[in-house]
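The chain contents come next:
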Amino acid sequence: MLSYILEDSQTLLQELQQLIDAGNPEEASRVAHSLKGLCLNFDATEATQAAAEAACMAGKLNESKQLFPTLTEKTTELSRELTNWQHQQAKTH
């Protein structure tokens, strides 16, 4: 799971931004759901709350746009913390 979030989160964020900007709530909802699922595996509640999945599903892309910077920040923060943890684990083994 660790490799999935480290490899896929930035790609999913970029895709979500493009879909929101393109006005495609259905696909944006799908991508937000995938990103939320990755974050849930690590109990990252702040990131999952900012995933904007519900806003995308409801077609509220303006709300999703407002939540996107927080989602990006929290997802990047989670990736950074997981990378640090991974490096610490490598040093001890």
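Structure: see above.
Residues numbered from 1 in each chain as written. Predicted model: local features only at pLDDT ≥ 70, side-chain atom pairs only at ≥ 80, totals over all residues. Heavy atoms only, no water.

Section: helix α1 (residues 2–22)
Over its 21 residues, α1 extends 30 Å from the first C-alpha to the last, a length consistent with the 30 Å expected when each residue adds 1.5 Å. Of all the bends found along α1, the most pronounced is centred on Asp8 and spans about 40°. The complete set of buried residues in α1 reads Leu2, Ile5, Ser9, Leu12, Leu13, Leu16, Leu19 and Ile20. One or two steps after α1, the chain reaches Gly23, where phi turns positive at roughly 75°. (Helix = DSSP H or I, 4+ residues; strand = E, 2+ residues; numbered from the N terminus. Expected span 1.5 Å × (residues − 1). Bend = angle between axes of the 7 residues up to and from the residue. Buried < 20%, exposed > 50% of the residue type's maximum accessible area, 1.4 Å probe, protein only.)

Section: the pattern of salt bridges
Tallied over the entire structure, the rule returns three salt bridges. Note that Arg30 and Glu15 form a salt bridge whose closest N and O atoms lie 3.1 Å from each other. On the criterion of sequence distance, the pair formed by Arg30 in helix α2 (residues 25–40) and Glu15 in helix α1 is long-range, its members being 15 residues apart. For Glu15, a relative accessible area of 28% corresponds to the partly exposed category. Here Lys74 and Glu73 are joined by a salt bridge, their closest N and O atoms 4.0 Å apart. Residue classification places Lys74 among the buried positions, given a relative accessible area of 18%. Connected via shared salt-bridge partners are Glu15, Glu27 and Arg30. (Salt bridge = Lys/Arg side-chain N within 4 Å of Asp/Glu carboxyl O.)

Observations concerning the nonpolar core
Counting residues in each nonpolar core, the largest one holds 23 residues, and the members touching the most others are Leu16 and Leu71. Residue assignment for this core shows that the elements contributing at least two residues are α1, α2 and α5 (61–92). The element best represented in this core is α1, accounting for seven residues. Apart from the residues within four sequence positions on either side, Leu16 is in contact with Ala28, Val31, Ala32, Ala51, Cys56, Phe68 and Leu71. (Core = buried A, V, L, I, M, F, W, Y, C linked by side-chain atoms within 4.5 Å. Contact = heavy atoms within 4.5 Å.)

Description of the packing of α1 against α2
Running from amino to carboxyl end, α1 crosses α2 at an angle of 155°, the nearest separation of the two axes being 9 Å. Accordingly, the angle class assigned to the pair α1 and α2 is roughly antiparallel. Crossing of α1 against α2: the hand is left-handed. Across from Tyr4, Ile5, Asp8, Ser9, Leu12, Leu13, Glu15, Leu16, Leu19 and Ile20 in α1, the residues of α2 making contact are Glu27, Ala28, Arg30, Val31, Ala32, Ser34, Leu35, Leu38 and Cys39. Considered class by class, the residues forming the contact of α1 with α2 number 13 nonpolar, two polar and four charged. (Axes fitted to C-alpha atoms, helices over the stretch in contact; angles between N-to-C directions. Parallel < 35°, antiparallel > 145°, perpendicular 65-115°, else oblique. Left-handed = near helix turned anticlockwise from the far one by under 90°. Nonpolar A, V, L, I, M, F, W, Y, C, P; charged D, E, K, R; others polar.)

On their own, these measurements won't tell you what the molecule is for.
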